[in-house]
Amino acid sequence: MTVDASGRILQPAVPAFSVTKHGSSGAEYMNGHITFDTVTLNRGSCWDGTNKFQAPIAGVYQFNMSGFAAGSSGQLGDGVDFKGYLQKSQQSNFSDVSGATGHLAQTYFYMQGASGYPTITLTATVELAANDYVRYFVASQYLYTNTASTRYSPVFSGFLVG
């Protein structure tokens, strides 16, 4: 971090990433550990290429996730809930995460009386140790994506706050 002559704080090497998932052909419905196929930002090489973030240094991080919730092959209907988690692990294969262990934040949506593809979002500010891993995991229902041309792509991003 540096301070320029006008007093602005400059952080040119702040770890940051942004990834998205485009359907290969038509609609796709994903659950479990969500994988992403397009990296739009990977400052500091913190997105490790195997669909998880690895904290290069200890600190406070901000994570964001947005997308559309869906059923296994279409819209959510009446009385259906969606659950997604931001998970943290000290193991690259997340073998130390079970049940609620390692959940930093949760996305939850309950559909009552209608049907559709509701927008789900998650924003979390968390403290991580160096080399902690973070991923997005859908535990109930599905995350929807479609071809790149229709722009229904989920986006997962994060950066070091300080």
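Look up: the structure comes first, before these words.
These lines cover the structure that appears in this document, whether it is placed above or below. (Residues numbered from 1 in each chain as written. Predicted model: local features only at pLDDT ≥ 70, side-chain atom pairs only at ≥ 80, totals over all residues. Heavy atoms only, no water.)

Regarding the nonpolar core
Move 1: One finds F53, F63, Y136, L143 and F156 to be the most contacted residues of the largest nonpolar core, which totals 30 residues.
Move 2: Elements supplying a minimum of two residues to this core: β3 (16–20), β7 (59–70), β8 (80–89), β9 (103–111), β10 (119–128), β11 (133–145) and β12 (155–160).
Move 3: For this core, the element with the highest residue contribution is β10, accounting for five residues.
Move 4: Those residues in contact with F63, other than ones at most four positions away along the chain, are F17, F53, L86, L122, T123, A124, V126, L128, V134, F156, S157 and G158. (Core = buried A, V, L, I, M, F, W, Y, C linked by side-chain atoms within 4.5 Å. Buried < 20%, exposed > 50% of the residue type's maximum accessible area, 1.4 Å probe, protein only. Helix = DSSP H or I, 4+ residues; strand = E, 2+ residues; numbered from the N terminus. Contact = heavy atoms within 4.5 Å.)

Re the pattern of salt bridges
Move 1: On inspection of all chains with the given rule, the structure shows four salt bridges.
Move 2: A salt bridge links K52 to D48; its shortest N-O distance comes to 3.1 Å.
Move 3: Since its relative accessible area comes to 8%, K52 is described here as buried.
Move 4: A residue is classified by how much of its surface remains accessible, and D48, at 28% relative accessible area, is partly exposed. (Salt bridge = Lys/Arg side-chain N within 4 Å of Asp/Glu carboxyl O.)

Quick notes on the packing of aromatic side chains
Move 1: Taken as a whole and assessed by the stated rule, the structure comprises 16 aromatic pairs.
Move 2: Ring centres 5.2 Å apart and planes at 75° place the aromatic pair F17 and F156 in the edge-to-face group. One end of the pair, F17, is in strand β3; the other, F156, is in strand β12, and 139 residues separate them in sequence.
Move 3: With a centroid separation of 5.4 Å and 50° between ring planes, the pair formed by Y29 and Y144 is classed as tilted. Highlighted residues: Y29 in strand β4 (residues 28–33) and Y144 in strand β11, separated in sequence by 115 residues.
Move 4: An aromatic cluster is present here, built from F17, F36, W47, F53, Y61, F63, Y136 and F156 joined pairwise through their rings.
Move 5: Positioned above the aromatic ring of F94 is the side chain of R135, whose terminal nitrogen or guanidinium carbon lies 4.0 Å from the ring centre. (Phe/Tyr/Trp six-rings, centres within 6.5 Å; stacked < 30°, edge-to-face > 60°. Lys NZ or Arg CZ within 6 Å of the ring centre and 35° of its normal.)

Topic: the pairing of β11
Move 1: Pairing between β4 and β11: five bridges, direction antiparallel. Residue pairing in the sheet places G32 in a bridge with V138 of β11.
Move 2: Across two bridges, the pairing between strand β6 (residues 53–54) and β11 is antiparallel. What sits directly across from F53, in β11, is V134. (Pairing = 2+ DSSP bridges.)

Here's the deal with the pairing of β7
Move 1: Note: β7 against β10, ten bridges, orientation antiparallel. Within β10, the residue paired with Q62 across the bridge is T125.
Move 2: Bridge count for β7 against β12 is six bridges, and the pairing is antiparallel. Its bridge partner being in β12, Q62 is matched across the sheet by F159.
Move 3: Across three bridges, the pairing between β7 and β11 is antiparallel. From the neighbouring strand, A69 faces β11, where its bridge partner is L143.

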